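Fold and geometry: a report
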Amino acid sequence: MSSFNQAVIEEFRANAGRVGGPFEGSELILLTTTGARSGKPHTVPLGFVREDGDGGPLLVVASAGGADRHPAWFHNLLARPLVQVETAAGEYEAVAVPAEGARRDELFARVVDQEPGYGEYQERTRRVIPVVALQRTHEVPAGEGGVAGKLLEVHGWLRAQLALLREQARGSAPGSLGMQLRQHCLAFCHSLEFHHRSEDAGLFPYLEQQHPHMREFFRRIDAEHRVVARLQEELVHALDGPPGAGAGTGFSELVERLSRELEAHLDNEEEQLLPVLRALEG
């Protein structure tokens, strides 16, 4: 990270989103992506406009000052679409979705109307400068506390994202995969993979140690994780190739299969684990 960006980030966080220097008077956000190669968080300060007035998603532009290469943060969000957005008002999670075709042109024109400098950047390069919508993910209402509450919160998030993914897959044209479906699918799969790895490496070994009689249950859960992981791999494989390319046949059917397996798995976990977790915390 450049020392200039780091200074802006520190000033932003110290002054509730206000910064001076060349950005004085401008609204900024801090966008944190996950490094496509490193897997480490990468934060950059960016200007933005809103897609639809005050209530719409934020739009950020991968201008790189008119350079001939996309900025690193854009490559990161293509690989790992789930991002963190910090504004002057707070922080939230979002799925980053680059606009495509005529929609991109429409949004870029809107951006240039508000911030003419982006038009000058486009004139400097032959690459089409991407416009990215930061679509806030489903927020799960706070419920009970402790590990039981966290499990329900994560499961609620996964169910909401899965429902959105199924809706998008059903609405896609046969053999096609739009950028929005691609980005949401990757965000969901990466989050589910991380959740299951965390359970397998931490929570489940601890609970099995405390409750040896549940050993067979955890063996079944491990088998379910493996089934879900195979379906995730098939989904991610269908996303191979250039973003926005065809998804091949059967993508919607694959999403439905994953949905059935995962919903049954989450129900099974909750039925068996919630009483145990609540007892431990009681």
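Refer to the structure above for everything that follows.
Residues numbered from 1 in each chain as written. Predicted model: local features only at pLDDT ≥ 70, side-chain atom pairs only at ≥ 80, totals over all residues. Heavy atoms only, no water.

1. Examining the pattern of salt bridges
Side chains bearing opposite charge may pair, as long as their charged atoms lie close to each other. This model, assessed by the stated rule, comprises 15 salt bridges. Among the salt bridges present, the one from Arg159 reaches Glu263, with a minimum N-O distance of 3.1 Å. One end of the pair, Arg159, is in helix α5 (residues 146-171); the other, Glu263, is in helix α8 (residues 251-281), and 104 residues separate them in sequence. The partly exposed category is assigned to Glu263, whose relative accessible area is 26%. (Salt bridge = Lys/Arg side-chain N within 4 Å of Asp/Glu carboxyl O. Helix = DSSP H or I, 4+ residues; strand = E, 2+ residues; numbered from the N terminus. Buried < 20%, exposed > 50% of the residue type's maximum accessible area, 1.4 Å probe, protein only.)

2. Examining the packing of aromatic side chains
With the rule as written, the count across this model stands at three aromatic pairs. Judged by centre distance (6.0 Å) and plane angle (75°), the ring pair of Tyr118 and Tyr121 falls under edge-to-face. In this pair, Tyr118 and Tyr121 both sit in helix α4 (residues 117-124), three residues apart, roughly one turn of the helix. Exposure remark for Tyr118: the relative accessible area of 15% places this residue in the buried category. An aromatic cluster of at least three residues, connected via ring pairs, comprises Phe204, Phe217 and Phe218. Across from the ring centre of Phe108, 4.3 Å away, lies the NZ or CZ of Arg104, which sits over that ring. (Phe/Tyr/Trp six-rings, centres within 6.5 Å; stacked < 30°, edge-to-face > 60°. Lys NZ or Arg CZ within 6 Å of the ring centre and 35° of its normal.)

3. Regarding helix α6 (residues 179-210)
Between the first and last C-alpha of α6 there are 45 Å, a value that for 32 residues agrees with the 46 Å anticipated at 1.5 Å per step. Maximal helix bending in α6 amounts to about 45°, located at Glu199. (Expected span 1.5 Å × (residues − 1). Bend = angle between axes of the 7 residues up to and from the residue.)

4. A few points about the pairing of strand β4 (residues 58-61)
Neither face of β4 is left uncovered, since the one carrying Leu58 and Val60 and the one carrying Leu59 and Val61 both have all their residues buried. Note that strand β3 (residues 49-50) and β4 share two bridges and pair antiparallel. Looking at β4, one finds that Val49 is bridged to Leu59. As paired strands, β4 and strand β7 (residues 131-136) are joined by four bridges and run antiparallel to one another. Looking at the pairing, Val60 lines up with Val132 of β7. (Pairing = 2+ DSSP bridges.)

5. Notes on the sheet that holds strand β2 (residues 41-47)
Through backbone hydrogen bonds, the strands of a sheet pair up, either in parallel or in antiparallel fashion. Across the sheet, seven strands lie side by side as β2-β1-β5-β6-β7-β4-β3; this open sheet has antiparallel pairing. Single-partner strands in this sheet number two, and they are β2 and β3. Contacts between α6 and the sheet are confined to β5 (82-87), β6 (90-98) and β7, with β6 contributing the most and set at about 130° to the helix. (Contact = heavy atoms within 4.5 Å. Axes fitted to C-alpha atoms, helices over the stretch in contact; angles between N-to-C directions.)

6. Side note on the packing of helix α2 (residues 72-79) against α6
Put simply, α2 and α6 touch, their axes get as near as 8 Å, and they point 75° apart. Judged by the inter-axis angle, α2 sits roughly perpendicular to α6. Here Leu77, Leu78 and Ala79 of α2 lie close against α6, whose contacting residues are Met179, Arg182, Gln183, Leu186 and His190. When grouped by side-chain class, the residues that make up the contact of α2 with α6 number five nonpolar, two polar and one charged. (Parallel < 35°, antiparallel > 145°, perpendicular 65-115°, else oblique. Nonpolar A, V, L, I, M, F, W, Y, C, P; charged D, E, K, R; others polar.)

7. Quick notes on the nonpolar core
One finds Trp73, Val85 and Leu134 to be the most contacted residues of the largest nonpolar core, which totals 23 residues. Of all the secondary structure elements, the ones that give two or more residues to this core are β1 (28-34), β2, β4, α2, β5, β6, β7 and α6. Residue contributions to this core peak at five residues, all from β6. Setting aside residues up to four positions removed in sequence, Leu134 forms contacts with Ile29, Leu31, Pro57, Leu58, Val60, Val83, Val85, Ala94, Val95 and Ala96. With 22 residues, the next largest nonpolar core counts Leu158, Leu165, Cys189 and Ala238 among its residues. (Core = buried A, V, L, I, M, F, W, Y, C linked by side-chain atoms within 4.5 Å.)

8. Description of the pairing of β6
Where β5 and β6 come together, six bridges link them in antiparallel fashion. Along β6, the bridge assignment pairs Gln84 with Glu93. Connecting β5 to the antiparallel partner β6 that follows it, the hairpin turn spans two residues. Note: β6 against β7, five bridges, orientation antiparallel. Of the residues in β7, the one forming a bridge with Pro98 is Val132.

9. A short note on helix α1 (residues 3-14)
An ideal rise of 1.5 Å per residue puts 16 Å on twelve residues; α1 measures up with 16 Å between its terminal C-alpha atoms. Turning to α1, its buried residues are Val8, Ile9 and Phe12. Summarising the axial view, the buried residues of α1 lie within an arc of 100°, below the 170-degree limit, and thus occupy one face. Turned more than 90 degrees away from the buried face of α1 sit Ser3 and Ala14, all of them exposed. Count one or two residues on from α1 and you reach Ala16, which has phi positive near 50°. (Arc of directions from axis to C-beta.)

10. Considerations on the side chain of Thr137
Mapping Thr137 onto the fold places it in the loop between β7 and α5. A distance of 2.9 Å separates the side chain of Thr137 from the side chain of Glu93, its partner in a polar contact. Leave out the neighbours within four places in its chain, and Thr137 touches Leu82, Glu93, Ala94, Val95, Trp157 and Gln161. (Polar contact = N/O pair within 3.5 Å; in protein donor to acceptor, adjacent residues only side chain to side chain.)

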